[in-house]
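Structural overview
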Amino acid sequence: MTQAELVTAIGNTLTQMDNTLMDPTLINQPAKWQQVYALRKHLDDQQRALVAATIQDDDAGFQALTVQIQQAIKQLQLVIDNLKKIDSIINTIAQISADLDEILKAAS
C-alpha cells in the first residue's frame, strides 16, 4: 500500500464513521456517540498529519503496519454493517409485534 492509498483508505473510513454518527441508534446513546466522534476527530487529525508527512512507503515496517490497518478497517466495516442489521432486526420485530396486535384485536 502506498501513502496515497493509505490516505484514501482513511478518508473512506472517515466517511463511514460520519454515516455511523448519523445513525439514530448511536445518536440515542450520547456517551458512545461522543466517544465515536472523538475517535473520528483523532483519525481525521492523523490523516492530515499523514498527508503532510514524508514517508518511505516501500519500507517493510510501513507495509506491515498498512496490512494491519487494512484489516482493522475491514473489521470496522463489519461492525458498521452489523449496526445497520440491528435496525433491520428492530424493524422486523416491530412489524411482527404490530401484526400480533392485529391478531389479538381480531380475537377480542
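Now for a quick tour of the structure. (Residues numbered from 1 in each chain as written. Predicted model: local features only at pLDDT ≥ 70, side-chain atom pairs only at ≥ 80, totals over all residues. Heavy atoms only, no water.)

Another aspect to go through is the overall build of the protein. The helix and strand inventory of the protein stands at four helices and zero strands. Its helices and strands taken in sequence order, the protein reads α-α-α-α from the N to the C terminus. Its C-alpha atoms give the protein a radius of gyration of 20 Å, clearly above 13 Å, the size a compact globule of 108 residues would have. Over its C-alpha atoms, taken along the principal directions, the protein stretches across nearly 75 × 25 × 15 Å. Across the 108 residues that make up the protein, the buried fraction comes to 22%. (Helix = DSSP H or I, 4+ residues; strand = E, 2+ residues; numbered from the N terminus. Rg over C-alpha atoms; globule rule 2.2 N^0.38 Å. Buried < 20%, exposed > 50% of the residue type's maximum accessible area, 1.4 Å probe, protein only.)

The biggest cluster of nonpolar side chains holds 11 residues, and these are Met1, Leu6, Val7, Ala9, Ile10, Leu14, Met17, Leu43, Leu50, Phe62 and Ile73. Residue assignment for this core shows that the elements contributing at least two residues are α1 (3-21), α3 (30-52) and α4 (60-107). For this core, the element with the most residues is α1, which contributes six residues. Residues in contact with Phe62, not counting those within four places in the same chain, are Met1, Thr2, Gln3, Leu6, Ile55, Gln56 and Asp57. (Core = buried A, V, L, I, M, F, W, Y, C linked by side-chain atoms within 4.5 Å. Contact = heavy atoms within 4.5 Å.)

This part covers the packing of aromatic side chains. This structure, assessed with the given rule, holds one aromatic pair. Ring centres of Trp33 and Tyr37 lie 5.4 Å apart, and the angle between their planes is 5°; this geometry places the pair in the stacked category. Of this pair, Trp33 and Tyr37 both sit in helix α3, four residues apart, which is roughly one turn of the helix. Accessibility expressed as a relative area gives 28% for Trp33, which makes it partly exposed. (Phe/Tyr/Trp six-rings, centres within 6.5 Å; stacked < 30°, edge-to-face > 60°.)

Mapped onto the secondary structure, Gln3 falls in helix α1. Gln3 sits in the buried class, given a relative accessible area of 14%. Ignoring anything within four residues of it in the chain, the contact list for Gln3 reads Leu50, Val51, Ala53, Ile55, Asp57 and Phe62.

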